[in-house]
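Read off the chains here:
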Amino acid sequence: MTATGPTQAAPGQFDLSGLAEAIGDAVVVSDPDGAITVWNPAAQRIFGFTAAEALGQTLDLITPERHRRRHWDGYAKTMRTGVTRYGAETLRVPALHKDGHQLSIAFTVGMVRDASGDVTGIVAVIRDETERWAEEKRLRQRVTDLETSSDPSRRTP
C-alpha cells in the first residue's frame, strides 16, 4: 500500500501490496542473517510485539532459548541451499510471546528470491495453535483418565 492508497493491479493481475497486512495469519519475513524485515498486524496480535519493536531484531525475539541452536542450524542450511521442506510440510514448534508466555505455533515457509533467483530471505506464514494444542492435551488426558477408571488392573490401590 502506498501513502495515497492501494496500488492498482494491471488488468487480469492481483494487487498484492496489502496482502501481508490483510491476512489473518502472521507473516514474518527475515533476511539472510535472520533479521526481521516484515512483521504484519497478525504477527503483532499473536506475539505481542509491535512492528517497531520487531523490525530489525533477529528471530530470537520469538524463539525460545532452548530451541535457538537448532533453529539457527536449520536457518543457515536453508539459506545456504535455498531449499526448505517446510514449504508444503507444516512445522509445529514452541514460540515466545512478548510477555514471556509460551505459544504453540504452526507454520510454513517459503524462500524469498531476487530477480536473479538468489535467496534474499525467508517468509513464514504462522498460525497460533496454543488453544488447539491445549485442548488436544486435555482430551488425551481425559481419555487416559477414562481408560484408567474403567480398567480395574490400571487402578492404583
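Fair warning: this is a prediction, and the values are worked out from it, not measured in the lab.

1. So, the sheet that holds strand β3 (residues 91-96)
As summarised here, the arrangement of the five strands in space is β2-β1-β5-β4-β3, forming an open sheet in which the pairing is antiparallel. Single-partner strands in this sheet number two, and they are β2 (36-39) and β3. Taken pair by pair, the neighbouring strands of this sheet meet at an average axis angle of 35°, ignoring direction. Sheet topology note: the β3/strand β4 (residues 102-113) ladder contains six bridges and is antiparallel. Bridged to L96 within β4 is Q102. Sitting on the sheet, helix α4 (residues 68-81) is in contact with β1 (26-30), β3, β4 and β5 (119-128), with an inclination near 135° to β5.

2. A look at α4
With 14 residues, α4 extends 20 Å from end C-alpha to end C-alpha; this agrees with the ideal 20 Å at 1.5 Å per step. Burial in α4 covers these residues: Y75, T78 and M79. Along the axis of α4, the buried residues cluster in a sector spanning 95°; they form a single face. More than 90 degrees from the buried face of α4, the exposed residues found are R69, R70, K77 and R80. Residues of α4 that are buried make contact with β1, β4 and β5. Once α4 ends, the next one or two residues include G82, with phi positive near 75°.

3. Considerations on the pattern of salt bridges
One pass over the full model with this rule turns up four salt bridges. Linking D25 and R127 is a salt bridge whose minimum nitrogen-to-oxygen distance equals 2.9 Å. Placement of the pair is D25 in the loop between α1 (19-22) and β1 and R127 in strand β5, with a sequence separation of 102 residues. Overall, R127 belongs to the partly exposed group, its relative accessible area being 43%. Between E129 and R92 there is a salt bridge, and its shortest N-O distance comes to 3.3 Å.

4. With respect to the environment of V125
Tracing the sequence through the fold places V125 in strand β5. A sequence separation of 18 residues divides V125 from F107, and the C-alpha atoms of the two residues are 5.4 Å apart. With near-sequence residues (within four places) excluded, V125 lies in contact with D25, A26, A106, F107 and T108.

5. A closer look at the environment of A42
Relative to the elements of secondary structure, A42 occurs in helix α2 (residues 41-47). The spatial distance from the C-alpha of A42 to the C-alpha of V27 is 7.3 Å, given a sequence separation of 15 residues.

Cut-offs and rules
- Sequence positions are assigned chain by chain, starting from 1 and proceeding in written order.
- pLDDT decides what is reported in this predicted model: residues at 70 or higher carry local features, side-chain atom pairs at 80 or more are listed and counted, and totals for whole chains, interfaces and linings draw on all residues regardless.
- The side-chain numbers reported here are obtained from all heavy atoms of the structure, hydrogens and water having been left aside.
- Should DSSP find at least two bridges between two strands, the strands are regarded as paired.
- Strands here mean DSSP runs of E at least two residues long; helices mean DSSP runs of H or I at least four residues long; both are numbered from the N terminus.
- For helices, the axis comes from a line fit to the C-alpha atoms of the stretch in contact; other axes are also lines fit to C-alpha atoms, and the angle between any two N-to-C directions lies between 0 and 180 degrees.
- Contacts between residues were defined by any pair of non-hydrogen atoms, one from each residue, lying within 4.5 Å.
- Expected helix span is taken as 1.5 Å per residue step, with the number of steps being one fewer than the number of residues.
- Only protein chains enter the accessibility calculation, which uses a 1.4 Å probe; a residue whose area is less than 20% of its type maximum is buried, one above 50% is exposed, and one in between is partly exposed.
- By definition, the arc is the one covered by directions from the helix axis to the C-beta atoms.
- Think of a salt bridge as a Lys or Arg side-chain nitrogen and an Asp or Glu carboxyl oxygen that are within 4 Å of each other.

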